[in-house]
Amino acid sequence: MKGNEFVPGAHYFVGGNTKFYGAALVRLRKQDFGELRHYGGISPAWPLTYEDLEPYYTKAEYLYQVHGVRGEDPTEPPASKPYRFPPVSHELRIQQLSDDLKNLGHKPFHLPIGVLLDEQNPHKSKCIRCSACDGFPCLVHAKADAHVICVEPALEHPNVTLLTKSKVTRLETDSSGRVVTKVHVDHDGMPETSRDDSTKFPLGKIFV
Ligand SMILES: Cc1cc2nc3c(=O)[nH]c(=O)nc-3n(C[C@H](O)[C@H](O)[C@H](O)COP(=O)(O)OP(=O)(O)OC[C@H]3O[C@@H](n4cnc5c(N)ncnc54)[C@H](O)[C@@H]3O)c2cc1C
């Protein structure tokens, strides 16, 4: 670091870091859930298996409009359904590279990508395949990020409001420990508390 300030590469926007992500939505491999020995140490086994999560991967891929093709990636784990949309076509140079690698006996594959892209009907496609995707918020709302896919649709419900510049500092629960009854928030520098019986500041808010 040579005394320079550390820049963590985290960004802040409604939708979290998905607002900036490259939308390459690759599943973990089956073996990632077990104990894995790395050069730097051992990654312990998860309490869940790949099979436990598989139905949720399938639902999330559907929701996030992932474009891809099963069976092309020789390392992919089993999936219960095909992708909802065909893979994003390669740029010309990448297609040439892919062809060359195939001719050499390798198995290049299309990355599964979450975008609102319709290559068959480009005039209807939200995604315009610009060069500002990975690392940028999509200005035409065509990247499948948490803001576009989850927050905006949630805001259509009358009991959901969005509170920006807000940091949750503490959650209080009932005696079961399973139900949040109070949310303590630092809202633009001012402490506030929500209660489930409050109409001014009800639970059912999204904090970012
Ligand atoms: C440039 C870039 C490219 C990436 N590309 C890819 C990719 O192609 N594919 C991929 O799978 N991943 C990619 N990632 C990683 C991916 O974005 C993250 O793994 C993912 O966003 C994590 O989701 P999350 O919901 O766990 O956390 P986050 O996206 O960080 O969301 C957490 C949210 O909670 C908010 N928050 C946190 N604490 C509080 C609090 N106390 N009160 C209120 N709000 C709070 C944060 O502000 C944020 O909005 C990329 C990341 C970056 C930065």
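Asker: Outline helix 3 (residues 146–154), supporting the account with residue identities and numerical values.
Answerer: Buried within helix 3 are the following residues: Ala146, His147, Val148, Ile149 and Val151. N-capping of helix 3 is provided by Asp145, with a side-chain oxygen placed 3.0 Å from the backbone N of His147.

Asker: Any chance you could break down the pairing of strand 7 (residues 180–187) for me, citing the residues and the numbers?
Answerer: Direction of pairing for strand 6 (residues 166–173) relative to strand 7: antiparallel, over a ladder of seven bridges. Within strand 7, the position partnered with Val168 by the bridge is Val185. Between strand 6 and strand 7, which pair antiparallel and follow one another directly, the connecting turn spans six residues, one of which, Gly177, has a positive phi of 75°.

Asker: With reference to specific residues and values, describe the site of the ligand.
Answerer: In the vicinity of the ligand, 16 residues are found, and the nearest of them are Gly16, Asn17, Gly22, Ala24 and Val168. At 3.4 Å from an oxygen atom of the ligand is found a main-chain nitrogen or oxygen belonging to Thr18. Ala24 is positioned with one of its backbone polar atoms (N or O) 2.8 Å from a nitrogen atom of the ligand. Relative to its unbound accessible area of 990 Å², the ligand is 51% covered by the protein chains. By residue number, the principal contributor to the shell around the ligand is strand 6, which donates three residues. Of the residues in the shell around the ligand, the class split is seven nonpolar, seven polar and two charged. Mapping the shell around the ligand onto the domain boundaries places at least three of its residues in each of domain 1 (16–154) and domain 2 (157–208).

Asker: How would you sum up the environment of Pro8? Please name residues and give values.
Answerer: For Pro8, the location among the structural elements is in the segment before strand 1 (36–38). On the basis of relative accessibility, which here comes to 59%, the residue Pro8 falls in the exposed class. For the pair Pro8 and Cys127, spaced 119 residues apart in sequence, the C-alpha to C-alpha distance is 29 Å.

Asker: Before we move on, could you go through the pattern of salt bridges and cite the residues and values that matter?
Answerer: For the coordinates displayed, the defined rule picks out 10 salt bridges. As a salt-bridge pair, Glu54 and Arg27 come within 3.0 Å of each other at their nearest N and O atoms. One end of the pair, Glu54, is in helix 1 (residues 50–63); the other, Arg27, is in the segment before strand 1, and 27 residues separate them in sequence. Taken as a pair, Glu54 and Arg27 share a single burial class, namely buried. When salt bridges with common partners are traced through the structure, they connect Arg27, Glu54, Glu61 and Arg70 into a single cluster.

Asker: Would you mind going over the nonpolar core in detail, with residue names and values included?
Answerer: Tyr64, Leu116 and Ile149 are the most contacted members of the largest nonpolar core, which totals 17 residues. Per-element accounting of this core gives the leading share, three residues, to helix 3. Those residues in contact with Tyr64 that sit more than four places away from it in its chain are Tyr21, Leu25, Gly114, Val115, Ala144, Asp145, Ala146, Ile149 and Cys150.

Asker: Got a sec to walk through the packing of aromatic side chains? Specific residues and values, please.
Answerer: Using the criterion set out here, one finds four aromatic pairs in the structure. Here the aromatic rings of Phe33 and Tyr50 are separated by 6.0 Å at their centres, their planes lie at 65°, and the arrangement is edge-to-face. Remark: Tyr50 occurs in helix 1 and Phe33 occurs in the segment before strand 1; sequence separation between them is 17 residues. Note on Tyr50: relative accessible area 2%, which makes it buried. Put simply, the rings of Phe33, Trp46, Tyr50 and Tyr57 pair up and form one aromatic cluster. Sitting over the face of the ring of Tyr62, Arg84 holds its NZ or CZ atom 4.1 Å from the ring centroid.

Asker: Outline the environment of Pro87, listing residues and values.
Answerer: For Pro87, the position within the fold is in the loop between strand 3 (66–67) and helix 2 (92–103). For Pro87, a relative accessible area of 23% corresponds to the partly exposed category. Here the alpha-carbon distance between Pro87 and Glu119, two residues 32 residues apart in the chain, equals 9.7 Å. Excluding residues within four positions of it along the chain, Pro87 makes contact with His67, Gly68, Val69, His110 and Glu119.

Criteria and thresholds
Residues numbered from 1 in each chain as written. Predicted model: local features only at pLDDT ≥ 70, side-chain atom pairs only at ≥ 80, totals over all residues. Heavy atoms only, no water. Buried < 20%, exposed > 50% of the residue type's maximum accessible area, 1.4 Å probe, protein only. Helix = DSSP H or I, 4+ residues; strand = E, 2+ residues; numbered from the N terminus. Polar contact = N/O pair within 3.5 Å; in protein donor to acceptor, adjacent residues only side chain to side chain. Pairing = 2+ DSSP bridges. Near = heavy atom within 4 Å. Areas by Shrake-Rupley, 256 points an atom, 1.4 Å probe, with all protein chains shown as cover. Nonpolar A, V, L, I, M, F, W, Y, C, P; charged D, E, K, R; others polar. Domains from an automatic or database assignment. Salt bridge = Lys/Arg side-chain N within 4 Å of Asp/Glu carboxyl O. Core = buried A, V, L, I, M, F, W, Y, C linked by side-chain atoms within 4.5 Å. Contact = heavy atoms within 4.5 Å. Phe/Tyr/Trp six-rings, centres within 6.5 Å; stacked < 30°, edge-to-face > 60°. Lys NZ or Arg CZ within 6 Å of the ring centre and 35° of its normal.

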